[in-house]
Amino acid sequence: MSTRCSLREESPHFKSNFNVGACSLLEVLECSVISIDPLFILVLSALWVMLPAYLPNPVAALCGGGLSVDLGRNYSDGKRLLGDGKTYRGLAAGILAGILIGIVQIWSAGRFGWDFLPQQTLLSITLLAVGALLGDLVKSFFKRRFGKERGAKWPVADMYDLVAGAFVLLLIFDPGWLFATVTLPVLIIILILTPVLHRAMNILGYLTKVKEVPW
Ligand code: CTP
Ligand code: MG
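Presented here is a report on the structure given in the accompanying data block. (Residues numbered from 1 in each chain as written. Chains lettered and ligands numbered in written order. Predicted model: local features only at pLDDT ≥ 70, side-chain atom pairs only at ≥ 80, totals over all residues.)

What to know about the overall build of the protein
Then comes step 1: Each helix and strand in the protein was counted, giving 8 helices and 0 strands.
Then comes step 2: When the helices and strands of the protein are listed from N to C terminus, the series reads α-α-α-α-α-α-α-α.
Then comes step 3: Looking at the protein as a whole, 30% of its 215 residues are labelled buried.
Then comes step 4: For the protein, the share of sequence-separated contacts (at least 6 apart) that also reach a separation of at least 24 residues comes to 72%. (Helix = DSSP H or I, 4+ residues; strand = E, 2+ residues; numbered from the N terminus. Buried ≥ 20, exposed ≤ 12 C-beta atoms within 10 Å, placed from the backbone. Contact = placed C-beta atoms within 7 Å.)

Right under this line is the structure:
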């Protein structure tokens with residue numbers, strides 16, 4: 001900041017109103033960048049933590065199809081156990097994609113020394129990926145019990161099923177990592193980001209004809 005201010009004083013070039021204005025603007029921008037820095041790191045950390053859980057859903061939508069997980073069976077209420085929206089292919093492809101992106105994260109964090117980001121482990125990425133789609137299955141089970149058809153809107157559950165599934169698995173099998181990594185601020189950002197990303201991905205999926213509905 002001081003370099004720019006001294007430049008402004010020393011050089012006649014900086015005497016024009018335009019340049020003085022530009023210089024002040026840069027100073028303001030510099031200040032605001034410094035002040036949003038911790039928030040930026042927080043958002044980046046939340047995305048970094050959740051990436052292995054966020055990826056399985058879109059990949060399942062992209063690759064899903066074929067044999068349904070419930071094998072077409074009904075529950076005692078006469079409705080489908082899970083429905084045709086939950087298939088083995090979607091499950092396998094989604095989990096694989098979540099684990100693969102997690103391995104890339106672990107590798108790149110080590111390779112480039114990204115110490116400012118939360119540290120993923122093989123266990124954490126596996127629990128995040130498996131948990132995300134298990135949460136989705138459990139949600140569909142209850143969605144059917146409430147009489148909602150495959151693909152019907154069920155806002156809060158549809159958005160947070162992956163977070164709940166991933167965190168429940170982490171709580172059971174790796175609580176140390178969960179509590180050390182998902183601090184309260186990170187959790188709050190995850191809870192804000194998840195519905196926004198979920199909606200954005202679904203609209204994208206709808207526009208590219210991967211999904212039948214934009215939710
Ligand atoms: N999908 C899949 N297998 C999974 C999860 C998803 O094959 N385990 C695919 C299905 O083609 C599904 C699409 O991804 O239709 C979108 O997923 P989702 O929105 O979770 O399923 P819905 O069709 O909305 O079904 P539900 O009402 O049970 O959530
Ligand atoms: Mg759906």
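A few points about the site of ligand 1
Then comes step 1: What surrounds ligand 1 is a group of 17 residues, the closest being G64, G85, T87, G90 and S140.
Then comes step 2: Breaking the shell around ligand 1 down by element, the ones donating at least two residues are α3 (56–63), α4 (88–112) and α5 (122–145).
Then comes step 3: In terms of residues, the shell around ligand 1 owes the most to one element, α5, which gives 4 residues. (Near = placed C-beta within 6 Å.)

Some points on α3
Then comes step 1: Among the residues of α3, P56, N57, V59 and A60 are the ones counted as buried. For α3, the angular spread of buried residues about the axis comes to 165°, placing them on one side.
Then comes step 2: Directly beyond the C-terminal end of α3, a positive phi value near 135° is found at G65. (Arc of directions from axis to C-beta.)

Observations concerning the nonpolar core
Then comes step 1: Core analysis: the largest hydrophobic core is formed by 34 residues, its most contacted members being A53, L128, A129, V130, A132, L133 and A166.
Then comes step 2: For this core, the secondary-structure elements that each account for two or more residues are α2 (17–54), α3, α4, α5, α6 (155–173) and α8 (184–207).
Then comes step 3: Considering every element that reaches this core, the biggest residue donor is α5, with 8 residues.
Then comes step 4: Setting aside anything within four residues of it in sequence, one finds A129 in contact with P52, A53, P56, I95, G98, I99 and G102. (Core = buried A, V, L, I, M, F, W, Y, C linked by C-beta atoms within 7 Å.)

Remarks on α4
Then comes step 1: For α4, spanning 25 residues, the distance from its first C-alpha to its last is 36 Å, which sits close to the expected 36 Å at 1.5 Å a residue.
Then comes step 2: All of the buried residues in α4 are G90, L91, A93, G94, I95, A97, G98, I101, G102 and Q105.
Then comes step 3: Remark: G113 follows α4 within two positions and exhibits a positive phi of approximately 65°. (Expected span 1.5 Å × (residues − 1).)

Some thoughts on the packing of α4 against α5
Then comes step 1: As a packed pair, α4 and α5 sit with axes 8 Å apart at the nearest point and diverge in direction by 150°. Here α4 is positioned roughly antiparallel relative to α5, judged by the angle of their axes. The two elements α4 and α5 cross, and the hand of that crossing is right-handed. Along the contact surface, α4 presents L91, G94, I95, G98, I99, G102 and I103, while α5 presents I125, T126, L128, A129, V130, A132 and L133.
Then comes step 2: For the contact of α4 with α5, a count of residues per class yields 10 nonpolar, 4 polar and no charged. (Axes fitted to C-alpha atoms, helices over the stretch in contact; angles between N-to-C directions. Parallel < 35°, antiparallel > 145°, perpendicular 65-115°, else oblique. Left-handed = near helix turned anticlockwise from the far one by under 90°. Nonpolar A, V, L, I, M, F, W, Y, C, P; charged D, E, K, R; others polar.)

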